[in-house]
Amino acid sequence: MAARGKKLINDPYDVVTQFIEGLAETYPGLQYLDGFPEVKVVLRSDVAVGAYDKVAVICGGGSGHEPAHGGFVGQGMLTAAVSGDVFTSPPVNSILAAIRAVTGPKGCLLVVTNYTGDRLNFGLAAEEAKSEGYKVEMVIVGDDCALPPTQGIAGRRGLAGTILVNKVAGAAADACLPLEEVAEQARHAAKLVGTVGVALSVCTLPGQEISERLGPEQIELGLGIHGEPGIAVTEHQRVDVVVTHVLKQILSLETRYVPITRGDRVILLTNGLGATPIMELMIATRKAVRELQLEYGITTDRVYTGSFMTSLDMQGFSISIMKSDTTILQWLDASTKAPCWPAGTDGDRQKPAKVAVPAPPSCAIKSDKMLQQSRELTKEGCILEASIEAGAKEIIRIKDSLNEWDSKVGDGDCGTTMHRGAIAILDDMKKCYPMNDAAETVNEIGATVRRVMGGTTGILYDILCKAAYASLKGIKTVEAKHWANALQASICAISKYGGARVGYRTMLDALIPASEILIERLEAGDDPLDAFVVSSEAAMTGAESTRHMQAQAGRSSYIAADKLASAPDPGAMAAAAWYRAVALSLKSASCHSKP
């Protein structure tokens, strides 16, 4: 038996009225009409009843497509929006109430999506309003390109392209054009736009059971916005493949639904259907822009990406393509106070999406002469290279252990992140680290980890390297005391910017004991290499002790104490591991160099 869909609602029968109340509370420029909740009309709060001196533009339909249409009410777009119940056309009385409320002597335009219920209810309301003396025009939008041409009267469904038509009509009306011209601009826009939708899941109506029509590995092509079946169900594919199919449908030379050919310029609208992350929508937009240019020879003048006309909680998206011309761009770029129209999308699309940014010199752009000199290693350079290699290889070796610990106390990717950094260090080390200059080498390690590791771990290690570089810079011959000072400087920097201290269950629980023992043993006159090895043992002991600590920093701070006891802090264990590997490498190098 199918499960009932979970919704953050109170009563399935009150969702529309409570949505409208929340919308009006959120946006001061909007209000709802008297007669609520039977009459569900959102209108501009600055329009006085019967006194509006421009053409009023009204759109509407069944609810469940938010932000359409109430979210597009505002100066420069819709004057009012009429809502029915979920996926149900609004009744004639509600549409009439909207017409009476916002229509002045210039008349009103009704923009209607091509569904039978909407056409009939808005049509009857228009005729009634005309009999009362109002000037009324109606424009039908049918932008669906998924269905083959029909022999009947139903025609193409109205989809997200309606939002672009609303913007054109609203801007034309705001420019004080007469009703006939506003209607003509809207009809012109409606003829130029085509849309195809794709879904990964079927929407769930409030209070209803979850549909099992689509399997976990299936997607539906060419669907409507009311949960009705599409034209085909196919296996799940990469979004690039899906976008290619959608564009082919819209630009089909067989149906010729839109008058767009090679060399034309277009407006692209990528619309989320309710439960699609903006990341996925942007990935679809990326593919659509490139494919239009490369495969069809079509340039995008404007690109809009977001959720404009949804289908409750449906996973999926639709793509709308509108042929561009000077007038269309003028209306789309015109200012509006409609709260859900995307801001910052006007302007010339001739600018390249990617711009070169000056960057400071790094190992990637060193001169051939400098790199050649850096490869003629001194004895100290050879030792430094061997120690870095040892530390990196130890991190690679314990990758799985780090991930296992992190899966218990964090997000499970510590080993993967550290492994990525270690691999990059080994690669860059052979190409561009100036091993004869300890300070510059440490600085380049920081640049490497910043480039490839990312996240908190990457930035902390970059801070560590930058602080050590500042401590070592200008020292011609780096000795043990200088390394001890550099380690201490790194710890101070990490603590300053990250906020952690000893006992917080972080990498500092390994590095602080190591630093303290190293300084103590050097001041006591111990052999520097022995002091380094002893300090590495302190690092490992400190890392192991994190099992008994309550985390006070990072993701582990959200984990219960009993869960934390099952594993040491992976960041501390990683720090202790590379530190000890470096210490043992230095000791080994010293032993091998003795006669």
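Being a predicted model, the structure only gives us computed values, none of them experimental.

Enquirer: Just checking my understanding: could you explain the UniProt feature "binding site: substrate" (unreviewed entry) in the protein chain for this structure?
Expert: The feature "binding site: substrate" (unreviewed entry), as annotated in UniProt, sits at G62, S63, G64, H65 and D118 in this numbering. Considering the arrangement of structural elements, one finds S63 in strand β3 (residues 56-63). Excluding its chain neighbours within four sequence positions, the residues that come into contact with S63 are V16, S83, G84, D85, V86 and F87. At 2.7 Å, the side chain of S63 and the backbone oxygen of G84 are in polar contact. With respect to the helices and strands, the residue H65 is situated in the loop between β3 and β4 (80-86).

Enquirer: Honestly, helix α6 (residues 239-250) in this entry has me stumped. Any pointers?
Expert: Between the first and last C-alpha of α6 there are 16 Å, a value that for twelve residues agrees with the 16 Å anticipated at 1.5 Å per step. Here α6 has its buried residues at V242, V243, V246, L247 and I250. What you see down the axis of α6 is that its buried residues fit within an arc of 135°, all on one side. Looking at the buried residues of α6, the elements they touch are β7 (193-199), β8 (218-221), α7 (278-296) and β12 (316-323).

Enquirer: When you look at the side chain of D509 in this model, what are you seeing that I'm missing?
Expert: Residue placement: D509 occurs in helix α16 (residues 508-523). Within the buried core, D509 has no salt-bridge partner, and the shortest N-O distance to an opposite charge, that of R505, equals 7.4 Å. Looking at D509, its side chain comes within polar contact range of the main-chain nitrogen of R505, at 2.7 Å. The residues touching D509, leaving out its near neighbours within four places in the chain, are R501, V502, G503, Y504, G542, A543, T546 and M549.

Enquirer: Help me understand unusual backbone geometry in this model?
Expert: Most peptide bonds take the trans configuration, and most residues that are not glycine carry a negative phi. Residue P67 is reached from E66 by a cis peptide bond, and omega for that bond is 15°. With respect to the element layout, P67 can be found in the loop between β3 and β4. Residue A68 is joined to H69 through a cis peptide bond whose omega torsion reads 0°. Tracing the backbone through its elements, the reader meets H69 in the loop between β3 and β4. The backbone of L312 shows a phi angle near 55°, a positive value even though the residue is not glycine.

Enquirer: I would appreciate a short explanation of the environment of S320 in the present structure.
Expert: Mapped onto the elements of the fold, S320 is located in strand β12. Taking the relative accessible area as the measure of exposure, S320 reaches 0% and is therefore buried. The sequence separation of S320 and D144 amounts to 176 residues, and the corresponding C-alpha distance is 9.0 Å. In contact with S320, other than residues within four places in its own chain, are D143, A160, G161, V193, G194, T195, I267, L268 and L269. A distance of 2.6 Å separates the side chain of S320 from the side chain of T195, its partner in a polar contact.

Enquirer: Just checking my understanding: could you explain the sheet that holds β12 for this structure?
Expert: In sheet architecture, strand pairing relies on hydrogen bonds along the backbone and comes in two forms, parallel and antiparallel. Read from one edge to the other, the open sheet built from six strands follows the order β9-β8-β7-β12-β10-β11, with strand pairing classed as mixed. Unpaired on one side and paired on the other, β9 (232-235) and β11 (299-306) mark the two borders of the sheet. Averaged over all adjacent pairs, the angle separating strand axes in this sheet is 20°, with direction ignored. Sheet topology places strand β10 (residues 265-272) next to β11; seven bridges connect them, and they run parallel. Pairing of I267 across the sheet is with R302, part of β11. Across the sheet, helix α8 (residues 326-333) is in contact with β10, β11 and β12; its angle to β11 comes to roughly 30°.

Enquirer: Honestly, the environment of S566 in this entry has me stumped. Any pointers?
Expert: Relative to the elements of secondary structure, S566 occurs in the loop between α18 (561-564) and α19 (570-593). S566 gets classed as partly exposed once you look at its relative accessible area, which sits at 37%. Taking C-alpha positions, S566 is 9.3 Å from H548, a pair spaced 18 residues apart along the chain.

Enquirer: Would you explain the sheet that holds strand β6 (residues 136-141) in this entry?
Expert: Spatially, β1-β2-β4-β3-β5-β6 is the arrangement adopted by the six strands of the open sheet, whose pairing is mixed. Each edge of the sheet is formed by a strand with only one pairing partner; in this case those strands are β1 (30-32) and β6. For this sheet, the mean angle separating the axes of adjacent strands, direction not counted, is 25°. By the bridge criterion, five bridges tie β3 to β4 in an arrangement that is parallel. Along β4, the bridge assignment pairs G60 with V82. Where helix α5 (residues 179-191) meets the sheet, its contacts fall on β5 (108-113) and β6, and the angle it forms with β6 comes to roughly 5°.

Calculation notes
Residues numbered from 1 in each chain as written. Predicted model: local features only at pLDDT ≥ 70, side-chain atom pairs only at ≥ 80, totals over all residues. Heavy atoms only, no water. UniProt positions renumbered as here; feature names shortened; annotations may be inferred. Helix = DSSP H or I, 4+ residues; strand = E, 2+ residues; numbered from the N terminus. Contact = heavy atoms within 4.5 Å. Polar contact = N/O pair within 3.5 Å; in protein donor to acceptor, adjacent residues only side chain to side chain. Expected span 1.5 Å × (residues − 1). Buried < 20%, exposed > 50% of the residue type's maximum accessible area, 1.4 Å probe, protein only. Arc of directions from axis to C-beta. Lys, Arg positive; Asp, Glu negative; His and termini not counted. Salt bridge = Lys/Arg side-chain N within 4 Å of Asp/Glu carboxyl O. Pairing = 2+ DSSP bridges. Axes fitted to C-alpha atoms, helices over the stretch in contact; angles between N-to-C directions.

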